[in-house]
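Here is what each chain is made of, one letter per residue.
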Amino acid sequence: MLIAYVWKNLSILLISVVNWSGIWKLKVPPKIRNLVWRMCRGVLPTRMQLQDKGVQCPMNCVSCDSTQEDVQHLFFACPLAVQTWRMTGLWSHIVTVSSTDVSATQIIFNLVETLPAEQKQLFATMLWSLWKHKNLKVWEDKT
Ligand SMILES: [Zn+2]
């Protein structure tokens, strides 16, 4: 009983150590690694996240105006994101590791672990581009 408990928790710990080191080992500029890390930690200031923190802001996605803007939507469900992934040839990989009960963090961990080095870098860079695009669009709409 105790051994099973210890083993379960140890394996969870080991898996998370492997996952985080996969992100830190990505051969991309530090700003991109940092973004991926913040996404996985759930601290990226999406509109959903801001609302949770009591910031008054609209909840709709700046790109497609639909649903609630969270990490899952912005990076894996928004039509703009899907189009981006299709163009880069990564969409089939994302579909393979996605299902309704899989979080954005799990998708990222999974792809960082399994994709070949070049595609891993492309994946992280595109995550960063999508985030940058969203922020530019917010400013564009304000001016
Ligand atoms: Zn959207």
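Each remark here, short or long, concerns the structure printed above.
Since we're looking at a predicted model, the values are computed, not measured.

Its 12 residues place the ends of helix α2 (residues 30-41) 16 Å apart at the C-alpha level, agreeing with the 16 Å of an ideal helix rising 1.5 Å per residue. Where α2 is concerned, the buried positions are Leu35, Val36, Met39 and Cys40. Viewed end-on, α2 has its buried residues packed into an arc of 130 degrees, placing them on one side of the element. Facing away from the buried surface of α2 by more than 90 degrees, the exposed residues are Pro30, Lys31 and Arg41.

Turning our attention to the environment of isoleucine 3. Of note, isoleucine 3 is situated in helix α1 (residues 2-24). The class for isoleucine 3 is exposed, based on 7 C-beta atoms found within 10 Å. Separated by 46 residues in the primary sequence, isoleucine 3 and glutamine 49 have C-alpha atoms spaced 38 Å apart.

Turning our attention to the nonpolar core. Counting residues in each nonpolar core, the largest one holds 25 residues, and the members touching the most others are Val36, Met39, Phe75, Ile108 and Leu127. Contributions of two or more residues to this core are made by α2, α4 (71-77), α5 (79-88), α7 (104-114) and α8 (117-142). If one sorts the elements of this core by residue count, α7 sits on top with 6 residues. Discounting chain neighbours no more than four positions away, the residues touching isoleucine 108 are Val36, Met39 and Cys40.

Conventions adopted
- Residues numbered from 1 in each chain as written.
- Predicted model: local features only at pLDDT ≥ 70, side-chain atom pairs only at ≥ 80, totals over all residues.
- Helix = DSSP H or I, 4+ residues; strand = E, 2+ residues; numbered from the N terminus.
- Expected span 1.5 Å × (residues − 1).
- Buried ≥ 20, exposed ≤ 12 C-beta atoms within 10 Å, placed from the backbone.
- Arc of directions from axis to C-beta.
- Core = buried A, V, L, I, M, F, W, Y, C linked by C-beta atoms within 7 Å.
- Contact = placed C-beta atoms within 7 Å.

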